[in-house]
Amino acid sequence: MTDSRRSSSHSRPIWVERFTHEPSSRASPSAVHEHAALVFMTDGHAVHEQRGRFEVQAGDMLLVPAGEAHRDLRTTRTTAWGVGLCAPCYAPSELANLLDPFERARSGASPIVRLPTERHEHVNRLIAELHAETHAERTHGELVQKSLLALVLAEVTRAASVAPFTSPQPSLVAEALRFIERTCLQPISLSDVARAVGRSPSYVTTALKQATGKSVVEWIIAGRLSEACNRLLHTDEMVEVIAERVGYADATHFIRLFRRVYGVTPAAWRNERRRR
């Protein structure tokens, strides 16, 4: 029910897609992506694998933290909203507490949040409006998108808070990813992440690589470039200023990394998106 491919729309801090899957009894390929995702199923039923097997039905919200391997094992004909978000873009903000359900899922709680029946239509309308906002260029669009996302996350947080959950000892990978999401816009390094989780740098980066397909440094870069795209899209800050805001004192190094990932310089990327 989610897609691991990076597309041009996924360089935004929030994106929303409406999708339908046909019935299938075959398991989909396992996916791991660098964004957090919410999937709100509006019709149908699926068996989902994410550290275990879970039934997902209409009215359920599926939480997929960044770095979490997941796949569908079988589905009926399903219709759902998918909401992707850049966790590092919002973790340092007032939305931080609303991201807690993702941390619960990452720490071992069920990734399925069952919303109260009477809230289904309200959540559906919120996501539909968020979808409209992300596909239109409007005055104060970024603020409206953030506000709508906060309302959706608040519904999930309230529903998740009533579910029983005994927090286990978080895994090394979960601790490392949480630390990266919350601090990657600062000038941190592999050594800082290793120190935060109490292990050697080589041990930590090997563990992340095995679990997620990306090393510690790759996760740091992914978080920084996502926020850089957010600022390129929604502000008029100079590239050198954005580089510093996302943790790079050397703007030339930042531009080189950006070009390696997106194929163009930050300035060219900004111009192309604004022309669209």
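Whatever comes next refers back to the structure up there.
Basis of the calculations
- Residue indices follow the written sequence of each chain, beginning from 1 at its first position.
- Given that the model is predicted, a residue must reach a pLDDT of at least 70 before its local features are reported, and side-chain atom pairs must reach 80 or more before they are shown or counted; all residues, however, enter totals for whole chains, interfaces and linings.
- Side-chain metrics in this entry use all non-hydrogen atoms of the structure; hydrogen atoms and water are not considered.
- Comment: elements are numbered from the N terminus, with helices defined as DSSP H or I runs of at least four residues and strands as E runs of at least two.
- Throughout, radius of gyration means the C-alpha value; the globule benchmark is 2.2 Å times the number of residues raised to the power 0.38.
- Each residue is placed in one exposure class: buried if its accessible area under a 1.4 Å probe, protein chains only, is under 20% of its type's maximum, exposed if it is over 50%, and partly exposed if it falls in between.
- Every residue pair with non-hydrogen atoms within 4.5 Å of one another is taken to be in contact.
- Only the protein chains shown count as covering a residue, and every accessible area follows the Shrake-Rupley method with a 1.4 Å probe.
- Two residue types count as positive, namely Lys and Arg, and two as negative, namely Asp and Glu; His and chain ends fall outside the count.
- Charge positions are represented by NZ for Lys, CZ for Arg, CG for Asp and CD for Glu.
- Axes here mean lines fitted to C-alpha atoms, for a helix over just the part in contact, with angles spanning 0 to 180 degrees between N-to-C directions.
- To sort the angles, those under 35 degrees are grouped as roughly parallel, those over 145 as roughly antiparallel, those from 65 to 115 as roughly perpendicular, and the leftovers as oblique.
- By definition, turning the near helix anticlockwise from the far helix through less than a right angle yields a left-handed crossing, and turning it clockwise yields a right-handed one.
- By the convention adopted, Pro, Cys, Tyr, Trp, Phe, Met, Ile, Leu, Val and Ala count as nonpolar, Lys, Arg, Asp and Glu as charged, and the other residues, Gly among them, as polar.
- Between any two strands, pairing holds if DSSP finds at least two bridges.
- Two cysteine sulfurs form what is called a disulfide whenever their separation falls within 2.5 Å.
- In this scheme, a helix's expected span is set at 1.5 Å multiplied by one less than its residue total.
- Summarising the geometry, the arc corresponds to the directions from the helix axis toward the C-beta atoms.

### As for the overall build of the chain
Secondary structure assignment for the chain yields 11 helices and 8 strands. For the chain, whose C-alpha radius of gyration is 18 Å, the value lies close to the compact-globule estimate of 19 Å for 276 residues. The principal-axis extent of the C-alpha atoms belonging to the chain is close to 50 × 45 × 35 Å. Here the chain, with 276 residues, has 50% of them falling under the buried criterion. For the chain, the proportion of contacts with a sequence separation of at least 24, taken over those separated by at least 6, is 74%. For the chain, the accessible surface area stands at approximately 13,200 Å², while carbon and sulfur atoms represent 50% of it. Across the chain, the 35 positively charged side chains and the 31 negatively charged ones have centroids separated by 4 Å.

### A word on the packing of helix α5 (residues 172–183) against helix α6 (residues 190–197)
The geometry of α5 relative to α6 is characterised by a closest axis approach of 9 Å and an angle of 125° between their N-to-C directions. Judged on the interaxial angle alone, α6 and α5 are oblique. α6 is crossed by α5, and the crossing has right-handed handedness. Here Leu172, Glu175, Ala176, Phe179 and Ile180 of α5 lie close against α6, whose contacting residues are Asp192, Val193, Ala196 and Val197. Residues that form the contact of α5 with α6 fall into these classes: 7 nonpolar, no polar and 2 charged.

### A look at the sheet that holds strand β2 (residues 36–43)
Reading across from one edge, β1-β7-β2-β5-β8 is the order of the 5 strands in this open sheet, with antiparallel pairing throughout. Looking at strand neighbours, the two that pair on one side only are β1 (14–21) and β8 (112–114), the edges of this open sheet. On average, each strand axis in the sheet is tilted by 20° relative to the strand beside it, whichever way the strands run. As paired elements, β2 and strand β5 (residues 60–64) share 4 bridges and run antiparallel to each other. Residue pairing for β5: alanine 37 is matched across the bridge by valine 64. On the sheet, helix α3 (residues 120–134) packs against β1, β2, β5 and β7 (78–85) and is oriented at approximately 120° with respect to β1. Against the sheet, helix α4 (residues 141–161) touches β1, β2, β5, β7 and β8, its axis set at about 85° to β8.

### Focus on the sheet that holds strand β3 (residues 45–49)
Pairing between the strands of a sheet is mediated by backbone hydrogen bonds and can be parallel or antiparallel. One open sheet accounts for 3 strands, arranged β4-β3-β6; its pairing is antiparallel. One side of each edge strand has no neighbouring strand; the edge strands of this open sheet are β4 (53–57) and β6 (71–75). Taken over all neighbouring pairs, the strand axes of this sheet differ in orientation by 30° on average, direction set aside. Sheet topology note: the β3/β4 ladder contains 5 bridges and is antiparallel. Paired with valine 47 across the two strands is glutamate 55, which belongs to β4.

### Focus on the state of the cysteines
Scanning the model with the defined rule gives 1 disulfide in all. The closest cysteine sulfur to the non-disulfide-bonded cysteine 184 is located on cysteine 86, 7.4 Å from its own sulfur. No disulfide involves cysteine 229; its sulfur sits 8.6 Å from the nearest other cysteine sulfur, which is in cysteine 89.

### A closer look at helix α7 (residues 201–212)
Over its 12 residues, α7 runs 16 Å from end to end, which matches the ideal 16 Å to within 8%, given 1.5 Å per residue. Among the residues of α7, Val204, Thr205, Ala207, Leu208 and Thr212 are the ones counted as buried. Down the axis of α7, the sector holding all buried residues measures 155°, keeping them to one side. Facing away from the buried side of α7, by more than 90 degrees, are the exposed residues Ser202 and Gln210. Here the buried face of α7 lies against α5, α6 and α8 (216–234).

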